[in-house]
Amino acid sequence: NQLSKPLTRIFEPIIDDVQKSLLQGDHTRKIHVPTPSARKGSLTMFAVKKATCLGCKVLVDKGHLCKHCLHLESEIYLEKLAVLRDAELRYSQLWAAAQRIHGTVHSDIMCTGDACACEFYRRKKVQTDIRLAQDVLNKFGR
């Protein structure tokens, strides 16, 4: 309505029936068909996720190690296991500190994370690190 009256005034001298020809019809409908780039993001349409070697980070077609790192599988496994152990140790230390702060060992710790001394967000980050390290170790079991 805000555009129809000014457009009618502008186009009246040029077009006979402005309401029918300019303001109504199929050309005024908005049809939006989302493209794959609109759904996922512009560059992710072209990106393809590929596996990388756990030793040297080169792209591999199958498995988790390239042919050059295959003989080092045991060392790479122990290295990834050390990362998992380190994350588990950090989590146990943070969890013990949170239990000391809240004075409870058996009940759940209800922490909001707002400037809490029990380092809520660090515990969540370490939990994520543990999950990622466990996923890496699970690749060796396949």
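(A) Layout of the overall build of the chain. Broken down by element type, the chain carries five helices and zero strands. Counting only contacts in the chain whose residues sit at least 6 apart along the sequence, the fraction spanning at least 24 positions is 37%. Summing over all exposed atoms, the chain offers an accessible surface of approximately 11500 Å²; the carbon and sulfur share of this is 57%.

(B) Looking closely at unusual backbone geometry. Of note in the backbone geometry, Lys57 takes a positive phi value of approximately 70° without being a glycine. The topology assignment puts Lys57 in the loop between α3 (36-40) and α4 (73-102). Its relative accessible area of 52% is what places Lys57 among the exposed residues.

(C) Structural detail: the packing of aromatic side chains. Counted by the stated rule, this structure contains three aromatic pairs. Residues Tyr91 and Trp95 carry aromatic rings whose centres are separated by 6.2 Å and whose planes lie at 15° to one another, so their mutual orientation is stacked. One end of the pair, Tyr91, and the other, Trp95, are both in helix α4, four residues apart, so they sit about a helical turn from each other. Judged by centre distance (5.2 Å) and plane angle (80°), the rings of Phe120 and Tyr121 are edge-to-face.

(D) Spatial organisation of the pattern of salt bridges. A complete count under the given rule lists three salt bridges for this structure. With its nearest N and O atoms 3.8 Å apart, the salt bridge here joins Arg90 to Asp129. Of the two residues, Arg90 sits in helix α4 while Asp129 sits in helix α5 (residues 120-140), which places them 39 residues apart along the sequence. Classification of Asp129 as buried rests on a relative accessible area of 16%. Where salt bridges share partners, they join Asp86, Arg90, Lys125 and Asp129 into one cluster.

(E) α4, seen in detail. With 30 residues, α4 extends 43 Å from end C-alpha to end C-alpha; this agrees with the ideal 44 Å at 1.5 Å per step. The set of residues buried in α4 consists of Ile76, Lys80, Leu81, Leu84, Ala87, Tyr91, Leu94, Ala98 and Gln99. Packing partners of the buried residues in α4 comprise α5. Gly103 occupies a position one or two residues after α4 and carries a positive phi of about 70°.

(F) Region of interest: the packing of α4 against α5. Where α4 contacts α5, the two axes come as close as 9 Å, and the packing angle between them is 155°. If you check the angle between α4 and α5, you find them roughly antiparallel. Remark: the crossing between α4 and α5 carries left-handed chirality. A breakdown of the residues in the contact of α4 with α5 according to their chemical character gives 16 nonpolar, two polar and seven charged.

(G) Geometry of the nonpolar core. By size, the foremost hydrophobic cluster in this structure holds 17 residues, and its most contacted members are Cys53, Leu65, Cys69, Ile76, Leu84, Ile130 and Phe140. Contributions of two or more residues to this core are made by α4 and α5. The element best represented in this core is α4, accounting for six residues. Setting aside residues up to four positions removed in sequence, Cys69 forms contacts with Cys53, Gly55, Cys56 and Ile76.

What counts and what doesn't
- All residue numbers here refer to positions counted from 1 along the written sequence of the relevant chain.
- Local features are withheld for residues below a pLDDT of 70 in this predicted model, meaning they are given only at 70 or higher, and side-chain atom pairs are given and counted only at 80 or more; totals for whole chains, interfaces and linings count all residues.
- Calculation of side-chain values draws on the structure's entire complement of heavy atoms; hydrogens and water are dropped beforehand.
- Going along the chain from the N terminus, every DSSP run of H or I of four or more residues is numbered as a helix, and every run of E of two or more is numbered as a strand.
- In this description, contact between two residues means that some pair of their heavy atoms is separated by no more than 4.5 Å.
- Residue-level accessible areas treat just the shown protein chains as cover; the underlying method is Shrake-Rupley with a 1.4 Å probe.
- Working definition: with a 1.4 Å probe on protein chains only, accessible area under 20% of the residue-type maximum means buried, over 50% means exposed, and in between means partly exposed.
- Centres within 6.5 Å are what make two rings of Phe, Tyr or Trp a pair, Trp counting through its six-membered ring; a difference in plane orientation under 30 degrees is then read as stacked, over 60 as edge-to-face, and the rest as tilted.
- Here, a salt bridge means any Lys or Arg side-chain nitrogen found within 4 Å of an Asp or Glu carboxyl oxygen.
- Multiply 1.5 Å by the residue count of a helix minus one, and that product is the helix's expected span.
- Helix axes are fitted only over the stretch in contact, all axes being lines through C-alpha atoms; the angle between N-to-C directions runs from 0 to 180 degrees.
- Note on angle classes: values under 35 degrees are labelled roughly parallel, values over 145 roughly antiparallel, values of 65 to 115 roughly perpendicular, and the remainder oblique.
- Helix crossings are classified by the rotation of the near helix relative to the far one: an anticlockwise turn of less than a right angle makes the crossing left-handed, while a clockwise turn makes it right-handed.
- Residues are grouped as follows: Ala, Val, Leu, Ile, Met, Phe, Trp, Tyr, Cys and Pro are nonpolar; Asp, Glu, Lys and Arg are charged; every other residue, Gly included, is polar.
- Throughout this description, the term nonpolar core refers to a set of buried Ala, Val, Leu, Ile, Met, Phe, Trp, Tyr and Cys residues connected via side-chain atoms within 4.5 Å.

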